[in-house]
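Residues per chain, in single letters:
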Amino acid sequence: MKYSNAWHLRDIILLTLIAIFFGVIYWVVGPVYNILTVALTPVGLGPAANDILMGVWVMAGPLAGYLFKKIGSATLGEFLGAVVEMFLGGQWGASTMISGVVQGIASELGFAFTGYKRYDWFSLNLSVLTTTIVTFGWDMIRNGYAQYHVGLLIALFVIRLVSTWIFAGVLVKAIVKLLDRTHLMETRTR
């Protein structure tokens, strides 16, 4: 099947709905992050709250990339979800947009490494891996992960990888399967 990078009105509407849906989810997960951080801090695992929830926070990118099969769609999906979260009053304010760009590009890399020619379980897992690596590197810089000891860093990375695989891999694949059954993404032919 040949894919086009042209955006149609149906694509724009669906991407907007995805961004709104995930923006609301991201906004709702903010307080969950706070509660989880408070709960884990007494046992020295407060930073793990970020990694436990990372898979949820990066779902829009892989979903948009896998669903639309267009260059830049993963980045755009994740960024727009972050914008919605920000406008809803997310606790990180405008910096949410920076995170959205980083997470979107990270997700996009998985599809880019296949030359935007493969949209299957392999490319989705590659997107999970690139998202985990890039966002972890970003947290090394932005959130001070570089100051943690090696054992904690390894644990945080593994937690992030598992979370990202479950939410941005397995769950995204299931969502795309459900959408495929609706025939919403089929191209019209004349």
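Refer to the structure printed above.
Notes on the structure in this doc start here. (Residues numbered from 1 in each chain as written. Predicted model: local features only at pLDDT ≥ 70, side-chain atom pairs only at ≥ 80, totals over all residues. Heavy atoms only, no water.)

So, about the overall build of the chain. A tally of regular secondary structure across the chain gives seven helices and zero strands. Beginning at the N terminus, the succession of helices and strands in the chain can be written as α-α-α-α-α-α-α. Computed over its C-alpha atoms, the radius of gyration of the chain comes to 17 Å, within 12% of the 16 Å expected for a compact globule of 190 residues. In terms of principal-axis extent, the alpha carbons of the chain reach across some 65 × 35 × 25 Å. Looking at the chain as a whole, 43% of its 190 residues qualify as buried. (Helix = DSSP H or I, 4+ residues; strand = E, 2+ residues; numbered from the N terminus. Rg over C-alpha atoms; globule rule 2.2 N^0.38 Å. Buried < 20%, exposed > 50% of the residue type's maximum accessible area, 1.4 Å probe, protein only.)

Using the criterion set out here, one finds eleven aromatic pairs in the structure. Centroid distance Trp121 to Trp165: 6.3 Å. Interplanar angle 65 degrees. Geometry classified as edge-to-face. Of this pair, Trp121 sits in helix 6 (residues 121–142) while Trp165 sits in helix 7 (residues 150–182), placing them 44 residues apart in sequence. Exposure remark for Trp121: the relative accessible area of 33% places this residue in the partly exposed category. Under the relative-accessibility criterion, Trp165 is labelled partly exposed at 38%. Seen from their ring centres, Tyr145 and Tyr148 are 5.3 Å apart, and the 50 degrees between their planes marks the pair as tilted. Of the residues examined, Tyr145 reaches a relative accessible area of 2% and is grouped as buried. (Phe/Tyr/Trp six-rings, centres within 6.5 Å; stacked < 30°, edge-to-face > 60°.)

Our focus in this paragraph is the layout of surface pockets. Counted as a void, the second largest pocket has a volume near 420 Å³. Asn50, Trp57, Trp92, Ser99 and Arg142 are, among the 24 residues lining the second largest pocket, the residues nearest its centre. Mapped by element, the contributors of at least two residues to the lining of the second largest pocket are helix 1 (9–40), helix 2 (48–57), helix 4 (73–87), helix 5 (95–112) and helix 6. In terms of residue count, helix 5 provides more of the lining of the second largest pocket than any other element does, six residues in total. Of the residues belonging to the lining of the second largest pocket, the class tally is ten nonpolar, ten polar and four charged. (1 Å grid on protein atoms, 1.4 Å probe; cavity = no way out; pocket = protein on both sides within 12 Å on 5 of 7 lines; lining within 4 Å. Points joined across faces, edges and corners; volume = space filled by probe spheres on them. Nonpolar A, V, L, I, M, F, W, Y, C, P; charged D, E, K, R; others polar.)

The subject of this paragraph is the packing of helix 6 against helix 7. Where helix 6 contacts helix 7, the two axes come as close as 9 Å, and the packing angle between them is 145 degrees. Both helix 6 and helix 7 take part in a crossing whose hand is right-handed. On helix 7, the residues that touch Trp121, Leu124, Asn125, Val128, Leu129, Thr131, Thr132, Ile133, Thr135, Phe136, Asp139 and Met140 of helix 6 are Leu153, Leu156, Phe157, Arg160, Leu161, Thr164, Trp165, Ala168, Gly169, Val170, Val172 and Lys173. (Axes fitted to C-alpha atoms, helices over the stretch in contact; angles between N-to-C directions. Left-handed = near helix turned anticlockwise from the far one by under 90°. Contact = heavy atoms within 4.5 Å.)

With 15 residues, helix 4 extends 21 Å between its outermost C-alpha atoms, agreeing within 8% with the 21 Å of an ideal straight helix rising 1.5 Å per residue. Of all the residues in helix 4, the buried ones are Ser73, Ala74, Thr75, Gly77, Glu78, Gly81, Ala82, Val83, Glu85 and Met86. Along its buried surface, helix 4 packs onto helix 1, helix 2, helix 3 (60–68) and helix 5. Among the residues trailing helix 4, Gly89 stands out with phi positive, at a value near 95 degrees. (Expected span 1.5 Å × (residues − 1).)

Bear in mind that shape data such as this cannot, by itself, settle questions of function.
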